[in-house]
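Next come the chains, spelled out residue by residue.
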Amino acid sequence: MMDLVGYGAFFLTTALIFSLVTLGLNLQWGLTGLFNVGLAGFVAIGAYTSALLTTPDDAARLGGFGLPILVGWAGAMVVGGIAAALTGMATLRLRSDYLAITTFGVAVVVQLVALNAQKLTGGPFGIGFIPRPFGSLAETPLLFNLSNLAVVAAVTLIAYLALEHLSRSPWGRVLKALREDERAAISLGKSARFYRVQAFAVGGAIMALAGALQAHFTGFIAPDNYLPILTFQVWVMLIVGGSGSNLGAVIGSILVWGIWAGSGTLTSMLFPPEQQARAASLQIAAIGVMLCVILLIRPNGLLGDRPRRPRFGKRAKAAAAKSSSGS
């Protein structure tokens, strides 16, 4: 029973880290309409920045400043936000598929730098000995996992509440206006590029924070952690939960990660060890089938905004009479 509780805490911690990435993507896409498929790059930037700031000194590479974990997280958000802002200033004049290709290129560049800049990132060997919150409890897995879950849940809750406040603020309403009708928003004196760069930077900072949390939760990072499959997972989480809904982003992340982890466990049980590498592709197939089913039943995701249906007959007359009496 205790092992089951410990695994549940580990599972929720990982799912909530994904939720942070999905919340950042929801700000960029769901609220602002920015098609970012390079989010794995910003997650990697946050992870490596925090790792370099907090790990002990290492003669084999630069960095290793041994700073507190909170300083590493703050540094990850700053560097991730600046990187996203610079990317936004260079690319946000592009639209839809052109923007997607450019942001994907940025993620590939980040991953290649992490793989080849061995003096900075450790190269293919990655960075180890990353300090872990409550590391002294590592010999007691249950307490360690529950403590990390509490920290990650608190950070996710703060990010969720902050984004909810921003989405209802005048700043958030401008972003929605740019998403729905850019020309109308510009005619009211709003700078489309200025607000989009802001949204891209804030979303990138949240993704970088998620990368930092993941790095300190596992204690080790490597370039293979930030392959394009990460982008695929997060996009599916947002689509399933409902684009434009912060709560949907969190629920979608937990649901999709549950299916991903469950399908991995199932394939390891059903297939012999020599076939498990091929069987791992069934995880992607399971996610694809689930995505198709949900979109057929709920085209806007589980908690996405439902399109308003036109009113006919008596309902239309009643609505018209109500609006005329109100005016």
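Analysis parameters
- Residues numbered from 1 in each chain as written.
- Predicted model: local features only at pLDDT ≥ 70, side-chain atom pairs only at ≥ 80, totals over all residues.
- Heavy atoms only, no water.
- Core = buried A, V, L, I, M, F, W, Y, C linked by side-chain atoms within 4.5 Å.
- Buried < 20%, exposed > 50% of the residue type's maximum accessible area, 1.4 Å probe, protein only.
- Contact = heavy atoms within 4.5 Å.
- Helix = DSSP H or I, 4+ residues; strand = E, 2+ residues; numbered from the N terminus.
- Expected span 1.5 Å × (residues − 1).
- Salt bridge = Lys/Arg side-chain N within 4 Å of Asp/Glu carboxyl O.
- Phe/Tyr/Trp six-rings, centres within 6.5 Å; stacked < 30°, edge-to-face > 60°.
- Patch = residues over 30% accessible without salt bridge, like charges linked within 9 Å, V, L, I, M, F, W, Y side chains within 5 Å.
- Areas by Shrake-Rupley, 256 points an atom, 1.4 Å probe, with all protein chains shown as cover.

Enquirer: Where do I start with the nonpolar core in this structure?
Expert: The nonpolar side chains of soluble globular proteins are, as a tendency, buried together. The biggest cluster of nonpolar side chains holds 81 residues, and the ones touching the most others in it are Leu 20, Ile 221 and Tyr 226. Not counting the four nearest positions on each side in its chain, Leu 20 is found in contact with Val 155, Thr 156, Ala 159, Ile 206, Leu 209, Ala 210 and Leu 213.

Enquirer: How should helix H10 (residues 228-241) be read in this particular structure?
Expert: An α-helical segment advances 3.6 residues per turn. Residues three or four places apart therefore align on the same side. For H10, which comprises 14 residues, the first-to-last C-alpha distance of 20 Å matches the rise-based estimate of 20 Å (1.5 Å per residue) to within 8%. Within H10, ten of the 14 residues are buried, which leaves the element mostly enclosed by the surrounding structure. Burial in H10 covers these residues: Leu 230, Thr 231, Gln 233, Val 234, Trp 235, Val 236, Met 237, Leu 238, Val 240 and Gly 241. On its buried face, H10 sits against helix H1 (2-31), helix H2 (39-54), helix H11 (246-270) and helix H13 (281-297). Gly 242 sits one or two positions beyond H10 and adopts a positive phi of about 120°.

Enquirer: Please clarify how the environment of Leu 247 should be interpreted in this entry.
Expert: Here Leu 247 lies in helix H11. Residues Leu 247 and Met 77, 170 residues apart in the sequence, show an inter-C-alpha distance of 22 Å. Leu 247 has contacts with Tyr 160 and Leu 303, leaving out every residue within four places of it along the chain.

Enquirer: Any chance you could explain the side chain of Ser 245 here in plain terms?
Expert: Tracing the backbone shows Ser 245 in the loop between H10 and H11. You can call Ser 245 buried: its relative accessible area is 14%. In contact with Ser 245, other than residues within four places in its own chain, are Asn 26 and Leu 303.

Enquirer: Looking at this structure, I do not really get the pattern of salt bridges. What am I missing?
Expert: Any two side chains of opposite charge can pair, on the condition that their charged atoms come close. For the structure shown, the criterion picks out four salt bridges. Of the charged contacts in the structure, one is a salt bridge between Asp 58 and Arg 61, with a shortest N-O distance of 3.9 Å. Judged by relative accessible area, which is 31%, Asp 58 ranks as partly exposed. Across the salt bridge formed by Glu 180 and Arg 179, the nearest N and O atoms sit 2.8 Å from each other. Taking the relative accessible area as the measure of exposure, Arg 179 reaches 32% and is therefore partly exposed.

Enquirer: How should the packing of aromatic side chains be read in this particular structure?
Expert: Aromatic rings in a pair are described by how distant their centres are and how their planes are angled relative to each other. According to the stated counting rule, one finds nine aromatic pairs in the structure shown. Seen in terms of ring centroids, Phe 194 and Tyr 195 are 5.7 Å apart; in terms of plane orientation they differ by 80°. Their pairing is edge-to-face. What makes Phe 194 partly exposed here is its relative accessible area of 48%. The structure contains a cluster of three or more aromatic residues connected by ring pairs, namely Tyr 7, Phe 10 and Phe 217.

Enquirer: Looking at this model, I keep getting lost on a nonpolar patch on the surface. Mind explaining?
Expert: On the surface, Val 78, Val 79, Ile 82, Leu 86 and Met 89 cluster together into a nonpolar patch covering about 440 Å² of accessible area. Take Val 78: it is sitting in helix H3 (residues 69-91).

Enquirer: Sorry, what's going on with unusual backbone geometry here?
Expert: Excluding glycine, most residues fall at negative phi; most peptide bonds, likewise, are trans. We note that Phe 129 has phi near 60°; this positive angle belongs to a residue other than glycine. You can see Phe 129 is positioned in the loop between helix H5 (118-121) and helix H6 (141-168). Residue classification places Phe 129 among the exposed residues on the basis of a relative accessible area of 74%. Residues other than glycine seldom take positive phi values, yet Phe 134 does so here, at roughly 60°. Structurally, the position occupied by Phe 134 is in the loop between H5 and H6.

Enquirer: In this structure, what is going on with the environment of Gly 6? I would like to understand it.
Expert: The topology assignment puts Gly 6 in helix H1. Looking at Gly 6, the relative accessible area reads 7%, which means it is buried. With 69 residues separating them along the chain, Gly 6 and Gly 75 place their C-alpha atoms 30 Å apart. The contacts of Gly 6, once residues within four sequence positions are left out, are Leu 142 and Asn 145.

Enquirer: Even after reading the chapter, I still don't get H2, so can you show me in this structure?
Expert: With 16 residues, H2 ought to run about 22 Å at 1.5 Å a step, and its terminal C-alpha atoms sit 23 Å apart, in line with that. Extensive coverage of H2 is indicated by the burial of 16 of its 16 residues.

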